[in-house]
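One-letter residues, chain by chain:
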Amino acid sequence: MLIVGFGSIGRRHLRNLRALGWQDSEIIVCRSGHSTLPDHELAGVTIEYDLAKALAHQPTATLIANPTSLHLSTALAAARSGSHIFIEKPISHTLDGIDELRQVVDEKALVFFVGFQFRFHPGLRQIKRWLDEGQIGRITSVQAHWGEYLPDWHPWEDYSQSYSAREDLGGGVVLTLSHPIDYLRWLAGEVDSVYATLSFEGLDIETEDTADIHLGFASGVPGHIHLDYVQRPPCHWLHIVGTEGSMRWDNADGVAHCYRAAAQNWQSVTPAEEFERNVMFMDELRHFAACIRAEATSLCTLQDGIRALEICIAAKQSAAQKRLLDV
């Protein structure tokens, strides 16, 4: 496994690979050396500072965890080398080069997985099961809200210089907190229109720090997502209304709730006691490995990543043009 990028997420993946039984001799890390974190954890693994040299080791798979603006070029190089790809979301900050990446991935029959780890959250997976079972009838509206204070994310570094806050690195709240865009597509179906407003007033950074995104689903259902870098304490929740009840989920406790109008009661499903945030990252690595062994098919494909990116870009364009856009 080649890990490209050794910031906080690259470091998490290294730790998780080791926890899953990978030996240091099986891991390569390609890094710039610009990380603000100490590098003692790299002892024992092969280090490269040049992507071509890293890919010359012919890794079976490449895990892309560098800044968003570098994702696509890294993915293209890895795909051309014949390496299966695990790419952190979003797959890029631009659609330039997407068609070429899709062509190479298809021609070489590569496994491609996008790291939208909330698809592995047990609460959201329970919501998905209930929806598939028709427990609340037809969906009539969906809402998601995620606010989290950016300066608290990595208190050891200047948040204004982090990739999340820099335009040149593909930052901004729309791309960085794009998980709800992905999981609402997963839960409620395809999106065909977007209207958004953005704000730059909450923090002294060059990218948007607040976004309100109105989604039109192909089914005719309306949706809304609020994202921000400002809210304290953090708040991340989902609410779905249907013709026969409603559902809600809160990331604070992870519990999924379903209200069935006919029974006039709530059913709640709590994650296992051992569940904590890193379990999602461990599970997606297990899933990716299973896909490589042809024991599973990718739960978040290149096309899923492209659609999430198209919606993000449409949201930014909609805000700039102050109009509804088809997507």
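Values in this document were obtained by computation on a predicted structure and should not be read as measured data.

Conventions we followed
- Residues numbered from 1 in each chain as written.
- Predicted model: local features only at pLDDT ≥ 70, side-chain atom pairs only at ≥ 80, totals over all residues.
- Heavy atoms only, no water.
- Helix = DSSP H or I, 4+ residues; strand = E, 2+ residues; numbered from the N terminus.
- Contact = heavy atoms within 4.5 Å.
- Areas by Shrake-Rupley, 256 points an atom, 1.4 Å probe, with all protein chains shown as cover.
- Lys, Arg positive; Asp, Glu negative; His and termini not counted.
- Charge placed at Lys NZ, Arg CZ, Asp CG, Glu CD.
- Core = buried A, V, L, I, M, F, W, Y, C linked by side-chain atoms within 4.5 Å.
- Buried < 20%, exposed > 50% of the residue type's maximum accessible area, 1.4 Å probe, protein only.
- Axes fitted to C-alpha atoms, helices over the stretch in contact; angles between N-to-C directions.
- Parallel < 35°, antiparallel > 145°, perpendicular 65-115°, else oblique.
- Left-handed = near helix turned anticlockwise from the far one by under 90°.
- Nonpolar A, V, L, I, M, F, W, Y, C, P; charged D, E, K, R; others polar.
- Pairing = 2+ DSSP bridges.

*Asks:* How should the overall build of the protein be read in this particular structure?
*Replies:* Looking only at helices and strands, the protein features nine helices and 15 strands. When its C-alpha atoms are laid out on the principal axes, the protein stretches across 60 × 45 × 40 Å. Sequence-distant contacts, at least 24 apart, represent 68% of the contacts inside the protein between residues at least 6 apart. Carbon and sulfur atoms form 49% of the exposed surface of the protein, whose accessible area is close to 14,300 Å². The centroid of the 27 positive side-chain charges in the protein is displaced by 3 Å from the centroid of its 42 negative side-chain charges.

*Asks:* Just to check I follow, could you spell out the nonpolar core for this structure?
*Replies:* A general tendency of soluble globular proteins is for nonpolar side chains to be buried together. Core analysis: the largest hydrophobic core is formed by 95 residues, its most contacted members being I127, Y183, I213 and I240. Take this core: its biggest share by element is nine residues, from helix 9 (residues 302–321). Among residues more than four places away in sequence, those in contact with Y183 are F118, L124, A144, H236, W237, L238 and W249.

*Asks:* Before we go on, may I ask you to explain the packing of helix 3 (residues 71–80) against helix 4 (residues 98–107) in this structure?
*Replies:* Relative placement of two packed helices is described by the angle separating their axes and the distance separating the axes. Taken N-terminus to C-terminus, the directions of helix 3 and helix 4 make an angle of 25 degrees; their axes are 9 Å apart at the nearest point. Classified by the angle their axes make, helix 3 and helix 4 are roughly parallel. Crossing hand, helix 3 versus helix 4: left-handed. When helix 3 is examined against helix 4, the residues L72, A75, L76, A79 and R80 are found in contact with a partner set consisting of I98, E100, L101, V104 and V105. When the residues that make up the contact of helix 3 with helix 4 are grouped by side-chain class, the tally is eight nonpolar, no polar and two charged.

*Asks:* Explain unusual backbone geometry to me, please; I cannot follow it from the model alone.
*Replies:* Note: most residues except glycine have negative phi, and most peptide bonds are trans. Cis geometry marks the peptide bond from K89 to P90; its omega dihedral reads -15 degrees. Within the secondary structure layout, P90 lies in the loop between strand 5 (84–88) and helix 4. The step from R232 to P233 runs through a cis peptide bond, and the omega angle for that step is -5 degrees. One non-glycine residue with positive phi stands out, namely Q58, at about 55 degrees. Within the element layout of this structure, Q58 appears in the loop between helix 2 (51–55) and strand 4 (61–64). Here the phi dihedral of Q264 falls at roughly 55 degrees; this positive angle occurs in a residue that is not glycine. The class of Q264 is exposed, set by a relative accessible area of 62%.

*Asks:* What's the story with the packing of helix 7 (residues 179–188) against helix 9 in this structure? I'm lost.
*Replies:* Relative to each other, helix 7 and helix 9 sit at 120 degrees, their axes nearing to 9 Å. By the angle between their directions, the pair helix 7 and helix 9 is classed as oblique. Considering only the axes of helix 7 and helix 9, their crossing is right-handed. Here I181, D182 and R185 of helix 7 lie close against helix 9, whose contacting residues are D304, R307, A308, I311 and C312.

*Asks:* Can you help me understand the sheet that holds strand 8 (residues 191–199) in this one?
*Replies:* Ordered in space as 14-13-12-11-7-10-9-8-15, the nine strands form an open sheet in which the pairing is mixed. Each of the sheet's edge strands pairs with one partner strand only, and the pair in question is strand 14 (265–269) and strand 15 (325–326). In this structure, strand 7 (residues 139–147) lies alongside strand 10 (residues 222–228), joined through six bridges in parallel fashion. Within strand 10, the position partnered with Q143 by the bridge is H224. Packed on one face of the sheet, helix 5 (residues 122–132) meets strand 7, strand 11 (235–242), strand 12 (245–250), strand 13 (256–260) and strand 14 and runs near 25 degrees to strand 13. Packing against the sheet, helix 7 makes contact with strand 7, strand 8, strand 9 (210–217), strand 10, strand 11 and strand 12, and its axis sits at approximately 160 degrees to strand 7.

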